[in-house]
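Structure at a glance
The lines below spell out each chain.
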Amino acid sequence: ALHARGGAPVRLFGRDAETIAAIETRHENPRYLPGIPLPPSIRPTTDAGEALAGANVVLLVVPAQSLAGLAATLAEALPADATLVLCAKGIERRTGRFMSDIVADALPDRLVGVLSGPSFASDVARGLPTAVTVAASDGEAADALARRLSTESFRCYASDDLRGVEAGGALKNVLALAAGVVIGRGLGASAQAALVTRGFVELRRLGEALGGRPETLMGLSGLGDLILTCSSPQSRNFAYGAALGRGEDLSGLKLAEGVFTAAIAARLAGESGIEAPIVETVAELLSGELSVDEAAQRLLMRPLKREVG
Ligand SMILES: NC(=O)C1=CN([C@@H]2O[C@H](COP(=O)(O)OP(=O)(O)OC[C@H]3O[C@@H](n4cnc5c(N)ncnc54)[C@H](OP(=O)(O)O)[C@@H]3O)[C@@H](O)[C@H]2O)C=CC1
Ligand SMILES: O=C(CO)COP(=O)(O)O
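Residues numbered from 1 in each chain as written. Chains lettered and ligands numbered in written order. Predicted model: local features only at pLDDT ≥ 70, side-chain atom pairs only at ≥ 80, totals over all residues. Heavy atoms only, no water.

What follows covers the site of ligand 1. Near ligand 1, the surroundings consist of 19 residues, among which Arg15, Tyr32, Ser119, Ala121 and Lys254 are the closest. Contact between ligand 1 and Arg15: an oxygen atom at 2.9 Å from a side-chain N or O atom of the residue. In the model, an oxygen atom of ligand 1 is placed 2.7 Å from a nitrogen or oxygen of the Ala121 main chain. The residue inventory of the shell around ligand 1, partitioned by class, reads ten nonpolar, two polar and seven charged. (Near = heavy atom within 4 Å. Polar contact = N/O pair within 3.5 Å; in protein donor to acceptor, adjacent residues only side chain to side chain. Nonpolar A, V, L, I, M, F, W, Y, C, P; charged D, E, K, R; others polar.)

In structure tokens:
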């Protein structure tokens, strides 16, 4: 929407014919962004070939667990010189792969960027001020992509630390879920602040162990996104954790990305010898090893080894 408003030719591929038809006729996405007018110049289609013909920048915006399937759908129609921008935050549950690894396997030799940072879709689509990180392994490519994707309301900062950006985006989902549990259980704002701070320590430790740089984890795609999603019910991960914390029936609720990432993140922490008690507690809660009460208590008041605030 942002780029179409700025005059760029934008095509939108989606698989749900009803939603695509609504965007075409009403210039609104009633399922995902109700009430937000979309520029009539956007060309929506259910035909991947039509969407991709001649495209030079392609943003892939599906949940992390769906990226491999989407990459397979697009493979044939994707122009050879198109730059791919990965917007999903997470780790593939089945394989433990980060998003850039999935795309490197399915669509090798492509220029790949990762876009991540504190940015709720509805804020971005409304044109509210947003700042994110755009990473590519090649610094010059990251700079060019950040310039290309920036608009007056959407500022992209370039980074060449692809793994650090991916790690921050995936881990904050698990921590946002934990923050939701704390609030849902009624533990209060002080506990929430403690959770976010201790969660950030885990995000940094684990993110570095996975190959990310400290300054990336302290930036928009790490700390920035952690602050946003640990404090807003607009975050699906936070909202899912809050419902869990309140003891609600979750059967009608779409699984948040952090549900898929928690066990993998806990395993990666174990393999790297990293202490990640919050991530581990979320994984144990989701697997049923801990009750909500036990988990809520453990998230903040687990037995101390040698932690210093
Ligand atoms: N929403 C947000 O505020 C933000 C989201 N993100 C990240 O973006 C990613 C997507 O999030 P979001 O859009 O909110 O997710 P939603 O679950 O709200 O929407 C997912 C969209 O992806 C489509 N989709 C899923 N699988 C496929 C597939 N195999 N082929 C084609 N389309 C598919 C869905 O289509 P259908 O309707 O047909 O199922 C739907 O349009 C996530 O990783 C999230 O972390 C990042 C920042 C902010
Ligand atoms: O990543 C997000 C905002 O930056 C969106 O978070 P949720 O996936 O938890 O909704």
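Anyway, onward from the coordinates.
Once that is clear, we can look at the environment of Val114. Topologically, Val114 is positioned in strand S5 (residues 112–116). A sequence separation of 57 residues divides Val114 from Leu171, and the C-alpha atoms of the two residues are 15 Å apart. Excluding anything up to four places from it in sequence, Val114 contacts Leu86, Thr133, Val134, Ala135, Leu162, Val165 and Glu166. (Helix = DSSP H or I, 4+ residues; strand = E, 2+ residues; numbered from the N terminus. Contact = heavy atoms within 4.5 Å.)

The next subject is the side chain of Thr83. On the secondary structure map, Thr83 appears in strand S4 (residues 83–86). Taking relative accessible area as the criterion, Thr83 reaches 13% and is therefore assigned buried. (Buried < 20%, exposed > 50% of the residue type's maximum accessible area, 1.4 Å probe, protein only.)

Ranked by size, the top nonpolar core spans 49 residues in total, and within it Leu195 and Leu299 carry the most contacts. Elements supplying a minimum of two residues to this core: helix H8 (162–184), helix H9 (189–209), helix H12 (236–245), helix H13 (257–272), helix H14 (277–286) and helix H15 (292–301). Tallying contributions element by element places H8 first for this core, with eleven residues. In terms of nonpolar packing, the next biggest core, distinct from the first, is built from 24 residues, Leu67, Leu86, Met99 and Val103 among them. (Core = buried A, V, L, I, M, F, W, Y, C linked by side-chain atoms within 4.5 Å.)

Right, let's talk about the packing of H8 against H9 for a bit. Axes are the key here: two packed helices are described by the angle between their axes and the distance separating the axes. At a minimum axis separation of 10 Å, H8 and H9 run at an interaxial angle of 155°. Considering their axes alone, H8 and H9 lie roughly antiparallel with respect to each other. Judged by the sense of rotation from one axis to the other, the crossing of H8 with H9 is right-handed. Across from Ala167, Gly168, Leu171, Lys172, Leu175, Ala178, Ala179, Val182 and Ile183 in H8, the residues of H9 making contact are Ala191, Gln192, Leu195, Gly199, Glu202, Leu203, Leu206 and Gly207. The residue inventory of the contact of H8 with H9, partitioned by class, reads eleven nonpolar, four polar and two charged. (Axes fitted to C-alpha atoms, helices over the stretch in contact; angles between N-to-C directions. Parallel < 35°, antiparallel > 145°, perpendicular 65-115°, else oblique. Left-handed = near helix turned anticlockwise from the far one by under 90°.)

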